[in-house]
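# Examining the three-dimensional arrangement
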Amino acid sequence: MTSIEDYVEVTGENVIDRLRQLARPLQGLKVVHVNSTYVGGGVAEILSTMVPLQKDLGLDVRWKVIRGQEAFFQVTKSFHNALQGVQVPLRDAFFKVYEETNVQNSEELRSILEEADIVVIHDPQPLPLLRSCPNRRGKWIWRCHIDLSHPFRPVWQYLRKYVMEFNASIFSLADFAQPLPHIQYLMQPSIDPLSDKNKELTPDEVLATKLQLGLDPKRPIMLQVSRFDRFKDPLGVIKTYKLVKTFAPDLQLVLAGGEATDDPEGAAVLAEVREGAGADENIHILLLPPDAHTTINALQRGADLVLQKSVKEGFGLTVTEALWKGKPVIGGDAGGIRLQVVNYHTGFLVKTPEGAALRSRYLLRHPEKAQEMGRTARELVRQNFLLTRNLQEYLSIFMSTIYGDQERLELQMAT
Ligand code: UDP
């Protein structure tokens, strides 16, 4: 069982004391988080530790996942693409399947949701649930993890009608905020430093993983960890690798990904990636199971170059994970990557494969500089992107939402 006390060793006593203090007026608060998958992608990654820790702090927290047929996830994936700027085709049938699937889910979830003090709906998939809960007694918050800076308007206009009925929204970046009739909070995601994905590993464990995956531990490794998604630009990574090969011929590329149950496009993108890789046996395309956290941890620790060449990115937890492991990241100049990758300090922001190749050459040729950047990178994460900070913000938002600002201040003074 995860306990908040375990985090003292990473953050110090003060941070944990503050969390306990913040949680005091929230004891027994009924909170339900709803998203669309237990595995794969950043939302599931965060909830899998956020939920137990909120419980450990005395809140009565549940995590519910909506279910749907493939058609539903195709529609929600196309909404996801549209919110990140892609002009997707629209058909009445799409809206129908989206709305009906939510109504079906509400049959099972209604009593829990209507009873809750706070419902946090993650991303667009479960948005319409609110309308199926007419006797809701709590406050509803929409937590958007997507890069909403330039949405395809027709889809956003449609989804906005649902969002407007919420009591608050949370976005990862100010750039993503939208005209809405309720309060909007900014909250960056975070990583769990004690999880299998991020805990310390010995050099032997890292070596064993490389050998097990058929990698040559003596030769440099370029890595991108991501779902097979076009926004993550895996083909751009292959192009970068081919450019870097011209001056580092023994380079190996690892594209590590897996499936998210709410992302039906993965197979098509994987096929494109396989075609892009051709017969090059130094390109390792890994389809990992959802619980391969230690393998990903070892790959991130063992990589010489970490890329996250996304063209759109809500936040990019894979960037945070690599920075925490002391690796500078060559990241696409997009969304939340901009918050984490500070040029020449924690990595490099790039727009093209040529730019990524140039920065790869710099890091390969200046290992001391890469190490120095890695130390800065870890510190950036320690100060800004650990779970404890995120937890504190959730508690503050719950408090504001339940009690309102004035009462909250009085409560804080009284505790
Ligand atoms: N991830 C994983 N297995 C994979 C690919 C990704 O466990 O095969 C994890 C990755 O380590 C990270 C999360 O899924 O924790 C992806 O989050 P991110 O914010 O980078 O992207 P998203 O998938 O949410 O767009």
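For the structure, see preceding data.
Here we come to helix H4 (residues 70-83). For H4, with 14 residues, the first-to-last C-alpha span of 20 Å sits near the 20 Å given by 1.5 Å per residue. Extensive coverage of H4 is indicated by the burial of eleven of its 14 residues. Considered for burial, the residues of H4 that qualify are Phe72, Phe73, Val75, Thr76, Lys77, Ser78, Phe79, His80, Asn81, Ala82 and Leu83. Looking at the packing, one finds that the buried side of H4 touches helix H5 (92-115) and helix H6 (153-163). In the stretch just after H4, glycine 85 is the one whose phi turns positive, near 105°.

Judged by which residues are buried, strand S10 (residues 305-308) turns out to be covered on both faces: Leu305 and Leu307 on one side and Val306 and Gln308 on the other are all buried. Judged from the two bridges that link them, strand S7 (residues 221-225) and S10 form a sheet pairing that is parallel. Bridged to methionine 222 within S10 is leucine 305. Note that S10 and strand S11 (residues 329-332) share three bridges and pair parallel. Bridged to valine 306 within S11 is valine 329.

Time to look at the sheet that holds S10. The sheet built from six strands is open, its strands ordered S9-S8-S7-S10-S11-S12 with parallel pairing. At either margin of the open sheet sits one strand with a lone partner, and together these are strand S9 (283-287) and strand S12 (347-350). Going from strand to strand, the sheet's axes swing by 20° on average, the running direction of each strand aside.

Looking now at the nonpolar core. Formed by 66 residues in total, the largest nonpolar core has its most connected members in Leu59 and Phe398. If near-sequence neighbours (up to four positions away) are discounted, phenylalanine 398 is found in contact with Leu26, Leu29, Val31, Gln54, Leu59, Ile118, Val120 and Ile141. Counting 40 residues, the second largest nonpolar core, distinct from the first, contains Val32, Phe79, Tyr98 and Cys133.

Moving on, we get to the pattern of salt bridges. With the rule as written, the count across this model stands at 24 salt bridges. One salt bridge in this structure joins arginine 378 and glutamate 200, with 3.7 Å as the shortest N-O distance. Here glutamate 200 lies in the loop between strand S6 (183-186) and helix H7 (203-212) and arginine 378 lies in helix H14 (residues 367-384), a separation of 178 residues in the sequence. Given the relative accessible area of 24%, arginine 378 is considered partly exposed.

Here valine 329 shows up in strand S11. Residue classification places valine 329 among the buried positions, given a relative accessible area of 0%. What valine 329 contacts, discounting residues up to four positions off in sequence, is Val306, Gln308, Val319, Ala322, Leu323, Val341, Thr346, Gly347 and Phe348.

Conventions we followed
- Residues numbered from 1 in each chain as written.
- Predicted model: local features only at pLDDT ≥ 70, side-chain atom pairs only at ≥ 80, totals over all residues.
- Heavy atoms only, no water.
- Helix = DSSP H or I, 4+ residues; strand = E, 2+ residues; numbered from the N terminus.
- Expected span 1.5 Å × (residues − 1).
- Buried < 20%, exposed > 50% of the residue type's maximum accessible area, 1.4 Å probe, protein only.
- Contact = heavy atoms within 4.5 Å.
- Pairing = 2+ DSSP bridges.
- Axes fitted to C-alpha atoms, helices over the stretch in contact; angles between N-to-C directions.
- Core = buried A, V, L, I, M, F, W, Y, C linked by side-chain atoms within 4.5 Å.
- Salt bridge = Lys/Arg side-chain N within 4 Å of Asp/Glu carboxyl O.

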